[in-house]
Amino acid sequence: MTTFHEKDVGVLISEEAVQARVKELGAQITRDYEGKELTLICVLKGSAFFAIDLARAIDLPLTLEFLGVSSYHGGTESTGEVRITTDVSKPMAGKHLLVIEDIIDTGLTMSFLLENLRARHPASVKICSLLEKPARAKTKVEIDYKGFVIEDKFVVGYGLDYGEKYRNLPFIGIWKHV
Ligand code: PRP
Ligand code: MN
Ligand code: MG
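Here we summarise the structure given alongside this text. (Residues numbered from 1 in each chain as written. Chains lettered and ligands numbered in written order. Predicted model: local features only at pLDDT ≥ 70, side-chain atom pairs only at ≥ 80, totals over all residues. Heavy atoms only, no water.)

## Overview of the nonpolar core
Piece 1. Ile 29, Phe 50, Leu 54, Leu 98, Cys 128, Leu 131 and Ile 172 are the most contacted members of the largest nonpolar core, which totals 30 residues.
Piece 2. Residue assignment for this core shows that the elements contributing at least two residues are helix H1 (15-32), strand E2 (38-44), helix H2 (48-57), strand E5 (96-104), strand E6 (124-132), strand E7 (145-149) and strand E9 (172-175).
Piece 3. In terms of residue count, H2 provides more of this core than any other element does, five residues in total.
Piece 4. Listed in part, the 18 residues of the second largest apolar core include Met 92, Val 99, Leu 113 and Leu 117. (Core = buried A, V, L, I, M, F, W, Y, C linked by side-chain atoms within 4.5 Å. Buried < 20%, exposed > 50% of the residue type's maximum accessible area, 1.4 Å probe, protein only. Helix = DSSP H or I, 4+ residues; strand = E, 2+ residues; numbered from the N terminus.)

The structure is reproduced here in structure tokens:
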């Protein structure tokens, strides 16, 4: 168990609870995409840990793609300006896309991603987010597969960062100093 964080971070959702929910989502996705060519889009960097655990919980021959976007630029507030920092490696036309996120907060990142991906003419686009923070939503995003709904606290861990740190915590934590 990691301990470097203890002065700054409290546990919100334990490692066990996160892993149990990931397995449930994986089973649900397996049922829903049976017989389809599924492409998981891991939105870097935040969803990396979740996407990789989720991929292992899905019992289908899927493709994994990585798409890098950034809007927070290291702080605790979204700038609203979303940029693609790394694009996917293959054409998305005709593919069943499942966009994997760690959190949907204002919704601005996902709105941008949906618009961008739909322009590439995929067969379908659905959303899977481990966390949703509805209190801060600036645009409505329908989440097809949702892990947990959380209150308006700044969270870190399991991919979520504060100034690029704390992504490697195995649980969802609350940053104690904001
Ligand atoms: C975070 C998070 C989501 C997005 C959610 O990413 O991982 O991608 O912000 O916020 P929103 O709903 O308000 O747009 P960030 O921009 O911090 O980049 P990172 O994933 O590399 O940490
Ligand atoms: Mn992110
Ligand atoms: Mg971030």
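## Looking at the sheet that holds strand E8 (residues 155-156)
Piece 1. Reading across from one edge, E1-E9-E8 is the order of the three strands in this open sheet, with antiparallel pairing throughout. With partners counted over all chains shown, the strands left at the sheet margins are strand E1 (9-13) and E8, one partner each.
Piece 2. Summarising the sheet, E8 and E9 pair through two bridges and their orientation is antiparallel. Bridge pairing in E9 links Val 155 to Ile 174. (Pairing = 2+ DSSP bridges.)

## A short note on the sheet that holds E6
Piece 1. Across the sheet, which stays open at both edges, the six strands sit in the order E4-E3-E2-E5-E6-E7 with mixed pairing between neighbours. Each edge of the open sheet carries a strand with a single partner, namely strand E4 (83-86) and E7. Neighbour-to-neighbour, the strand axes of this sheet turn through a mean angle of 30 degrees, independent of strand direction.
Piece 2. Bridge analysis of E6 against E7 gives four bridges, and the strand direction is parallel. Residue pairing for E7: Leu 131 is matched across the bridge by Phe 148.
Piece 3. On top of the sheet, H2 reaches E2, E5 and E6; it is set at about 160 degrees to E2, its chief contact. (Axes fitted to C-alpha atoms, helices over the stretch in contact; angles between N-to-C directions. Contact = heavy atoms within 4.5 Å.)

## Topic: the packing of aromatic side chains
Piece 1. Summed over all chains, the structure comprises four aromatic pairs.
Piece 2. Members of the aromatic cluster, joined through ring pairs, are Phe 4, Phe 154, Tyr 162, Tyr 166 and Trp 175.
Piece 3. One Lys or Arg, Lys 36, reaches over the ring of Tyr 33 and ends 6.0 Å from the middle of that ring. (Phe/Tyr/Trp six-rings, centres within 6.5 Å; stacked < 30°, edge-to-face > 60°. Lys NZ or Arg CZ within 6 Å of the ring centre and 35° of its normal.)

## With respect to the pairing of strand E3 (residues 63-70)
Piece 1. As paired elements, E2 and E3 share six bridges and run parallel to each other. Considered in E3, the bridge of Ile 41 is made with Glu 65.
Piece 2. With three bridges joining them, E3 and E4 adopt antiparallel strand pairing. Looking at the pairing, Gly 68 lines up with Thr 86 of E4.

## Overview of the pairing of E9
Piece 1. Going residue by residue along E9, you find Ile 172 and Ile 174 tucked away on one face and Gly 173 and Trp 175 tucked away on the opposite face as well.
Piece 2. Bridging between E1 and E9 involves four bridges; their strand directions are antiparallel. What sits directly across from Val 9, in E9, is Trp 175.

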